[in-house]
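Spelled out, the chains give:
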Amino acid sequence: MSYQDRQMSLKRKAELTVAVEDENDLLRITPLGAGREVGRSCICLQYKGKTVMLDCGLHAGRSGPNSLPFLDQIDPATVDVLLVSHFHIDHAAAVPYYLERTTFKGRTFMTRPTKGVFRWLAKDYIRVTNTSDSDSTALYNEADLVSAHAKIEEIDVHQQVEVNGIKFTAYNAGHVLGAAMFLVEIAGVKVLYTGDYSREEDRHLVSAENPGVSVSVLITESTYGLRSHDTRIERERNFMKQVRDIVVRRRGCCLLPVSALGRTQELLLILEEHWSRHIQDLDGVPIYFISSLGKLGTRLYQTYIMHMNQRIQQQFNRTGRNPFDFKHIKTRVDFSEVPEGGPCVVLATPGMLQNGVSRLLLERWAPRPENGLIITGYSVEKTLARNITNKPPTIAAVAGGTIPRRLSVDNISFSAHVDYTQNSAFIDEIRAPHVVLVHGEENAMLDLRANLVDKYKNSDYEVTVHTPRNTRAVEMHFHGEKTARVMGSLASKAPRDGDCRAGILVERDFSYTLLDVGDLREFTGMTPVTVEQQLRVPYSSAFGLLQHHLEQMFGELPLTKETSNSGTTNILRIYDAVDVLHSSWKVGVEIEWEGNALNDMVADSVVAVVLNIESSPASVKLTQGACDSHSHSHSNKSDEKPCTVDTKLEASELAPVRSSNAADISAKLALFMKQQFAHVEHDNDQKKFVVRLNELSATVSTVTLDIETDSPLLQSRIAAIIARVRHTMRPLTHNSTPLPERQQQHPDADEKGMPPVDMDMAQDGNNSEKTGGTASEPTQIDNDNDNDNDNNSSAMASSGSSSESGSDNEDDGTKQQHTELPASDAHVKEEPVEDS
């Protein structure tokens, strides 16, 4: 399938869009560099409000700001961690710029060898770019480098570090000294970033390792796409064959463009070993390594020998000599000693032939056919190292014009990037459900993607392969399970099936721990703190009214009184958790409680009750009084005085409203019974009714409510119905004590002085009543404070209410019933009622 056909097939596939409830469950992977290109590697991970940046390099084929990654796509201030895989320019050279020239305040990590070598490579980069004719390419200076280098933290291989809930571990990646893969874990989602890696052990480095853990996302390089390398032995044999052909057979100069540190040391080891074995043939052929960092590199590599493979370590332990202190290779800082003609071998920087010593030597030797050029590493697009592999007849000179190319050009890669064989095998080992390809040219990357999709299409390994462009985010939805560890005293006994554990759930950086309160200090360093909450709620009515409404909501409440010089404070305690304080000298109610979820709900209920007391119809009803002291004439005279009642009441003054109408009780009881039983016979004369249920029967007295039946089951059912009737007809103030005897009782009052009240009183909020064609005048209720006669509480008006509590339309006419307050405490100003 051609590239165009593959692209069309990909376009025809509709993307499945899944609604995400929480944006934090989206893992975003955004290449800011190395997206369908090689160079300026910079990958950004965003998940659960955390941001991790992987590498921060420069593009070898560009200069100045154009060589930077697209750093403006992500706010540097939001980046928590910057992890650098290795010291190469395309992975690390932008780190000083990012640390010193942006708002980045996070932490930066490298392995110890990477940090040690990076400083000198970055310094060499500054020296090359900050020249007099290229001031515009200078991205940072040596002061920036020194400051940035001091901020970089070291991480060892296999060491796990945690920063703000982000866990990451470094693993060997091969490639170059100190190169690391990073396993990043955020909230249980694991992402493995390979960086540049090699699965083949060479002369001085170990191969990349498999972390051996389940990985959610694999971010891997795709530098060589579907290309496969020869084996290491075959590459070394071909390399030395080409070198010998140039310097021995043709007696020419062999140019090897390389980087100062990295794969260069592998080539030096190969040349040193071959010259030692074949000194009789090569005795007169010198080898030069031209680099300002050449001698420094020798010392650095000796310093980090313990980070190399067993072969190098054993050689060093056996001989006690630095394996990189070469006998047949001359390290120089310039090429003044290099002869105009051959034979000789020269390794010179830079590897891309853009400028420097390697470019000058190329221009010197290009016109002569006995000379040769061997490209030993990966060549980036738009560089001379890439273009010259096409063997053009001429090359551009740095000073201008062109130079004929007659020297031979060969390409034998020692770049230590994985080829297709190694890369696909590693992907198959990791078996991550998502694979993100980076660090590869577009065609090579898309070819690899198509191959992987076809390879796993009919297998048990379900994988999605992503090839994002720069700045194009790949989004994946992960909703990880939350698992809590039980520790401390809660874990002292092994749980059995069905057991429950209750404690404090502590969340710290996406990990959950269930602890007893007493174990918090030991395991978390936290100390439990009790939060005492206090709230003042506006309230201007009597305490008795407050107590009444709270007891209707919460049942009978214990009352405590505290006396001080200022007055008396009544304290009601609700559910042994919330205290309601009403002070005679203060306006409002104070609510105090110990803060927790349950107590907060109770306190909220108390606040709701208090705020609704003064507007409650029950409050208006319970504070009404008889008006005998003044007239309720309906002539519209301006000097008429409204009825006023002092509502400074005690709890005992709110008497229960009771019914003395037995017939009404009997009727309501019969109504309930008929809703539950099909056969109910009501005998008014005998004041009883008979209930029949299949073969069972029961007799219920409407006076005593006694039940006579032979069936305990039927008796329990009828008793439940009677209890429901009692609950329904129960007065609002059922917890209060009866009213004391009045000096003047209502003519229809019972033997305890309680006026009869019809249980069918209208409660629909319409306070205007018609009794014998007489409409009552509005009633105004005044609140007088005994402690301060000048401090009057706010008045509560009941528009359209009279002292008549209701009317009952019966067959023998209309009967008015009244509920009155105790004459000893209620100061009632009344006027005689005039007929309209």
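These notes cover the structure that comes with them. (Residues numbered from 1 in each chain as written. Predicted model: local features only at pLDDT ≥ 70, side-chain atom pairs only at ≥ 80, totals over all residues. Heavy atoms only, no water.)

1. Thoughts on the overall build of the protein
Logical step 1: Across its full length, the protein carries 20 helices and 40 strands.
Logical step 2: A burial count over the protein gives 49% of its 836 residues as buried.
Logical step 3: Surface exposure of the protein reaches about 41800 Å², of which carbon and sulfur atoms provide 46%. (Helix = DSSP H or I, 4+ residues; strand = E, 2+ residues; numbered from the N terminus. Buried < 20%, exposed > 50% of the residue type's maximum accessible area, 1.4 Å probe, protein only. Areas by Shrake-Rupley, 256 points an atom, 1.4 Å probe, with all protein chains shown as cover.)

2. Here we look at the packing of helix α16 (residues 543–554) against helix α17 (residues 597–612)
Logical step 1: Relative orientation of the contacting elements α16 and α17 amounts to 135 degrees, with a least axis distance of 10 Å. Considered as vectors, α16 and α17 are oriented oblique to each other. Helix-helix and strand crossings are classified by hand; for α16 and α17 the assignment is right-handed. Between α16 and α17, the contacting residues are L546, H549, L550, M553 and F554 on the first element and V602, S605, V606, V609 and V610 on the second.
Logical step 2: Here the residues of the contact of α16 with α17 are counted per class, giving eight nonpolar, two polar and no charged. (Axes fitted to C-alpha atoms, helices over the stretch in contact; angles between N-to-C directions. Parallel < 35°, antiparallel > 145°, perpendicular 65-115°, else oblique. Left-handed = near helix turned anticlockwise from the far one by under 90°. Contact = heavy atoms within 4.5 Å. Nonpolar A, V, L, I, M, F, W, Y, C, P; charged D, E, K, R; others polar.)

3. Quick look at the sheet that holds strand β28 (residues 568–574)
Logical step 1: Across the sheet, which stays open at both edges, the five strands sit in the order β26-β30-β29-β28-β27 with antiparallel pairing between neighbours. Only two strands of the sheet have a single partner each, and these edge strands are β26 (532–537) and β27 (559–563). Within the sheet, the average angular offset between the axes of one strand and its neighbour, ignoring direction, is 20 degrees.
Logical step 2: For β27 and β28, the ladder comprises five bridges, and the chain directions are antiparallel. Bridging from a neighbouring strand, K561 pairs with N570 of β28.
Logical step 3: Of the strands in this sheet, β27, β28, β29 (578–583) and β30 (589–594) touch α16, which is tilted by about 5 degrees from β28.
Logical step 4: α17 rests against β26, β28, β29 and β30 of the sheet, and its axis sits at about 170 degrees to β30. (Pairing = 2+ DSSP bridges.)

4. Description of α17
Logical step 1: Helix length check: α17, at 16 residues, gives a terminal C-alpha distance of 23 Å against a target of 22 Å (1.5 Å per residue), a fit within 8%.
Logical step 2: All buried positions along α17 are accounted for by N599, V602, A603, V606, V607, V609 and V610. Down the axis of α17, the buried side of the element spans an arc of 165 degrees, and every buried residue falls inside it. In α17, the exposed residues that point more than 90 degrees away from the buried face are A597, M601, D604 and L611.
Logical step 3: Where α17 is buried, its residues meet β26, α16, β28, β29 and β30.
Logical step 4: Where α17 begins, one side-chain oxygen reaches toward the backbone nitrogen of L598, 3.1 Å away; that side chain belongs to N596. (Expected span 1.5 Å × (residues − 1). Arc of directions from axis to C-beta. Polar contact = N/O pair within 3.5 Å; in protein donor to acceptor, adjacent residues only side chain to side chain.)

5. Points about the pairing of strand β8 (residues 166–172)
Logical step 1: For β8, the tally of buried residues reaches five of seven residues, placing the bulk of the element in the interior.
Logical step 2: Pairing of strand β7 (residues 160–163) with β8 involves four bridges; the strand directions are antiparallel. Bridge pairing in β8 places V163 opposite I166.
Logical step 3: Two successive antiparallel strands, β7 and β8, enclose a turn made up of two residues, where N164 displays a positive phi of approximately 55 degrees.
Logical step 4: Pairing between β8 and strand β9 (residues 180–186): seven bridges, direction antiparallel. Directly across from T169, in β9, lies its bridge partner L183.

Limitation: the analysis is restricted to geometry and does not speak to function.
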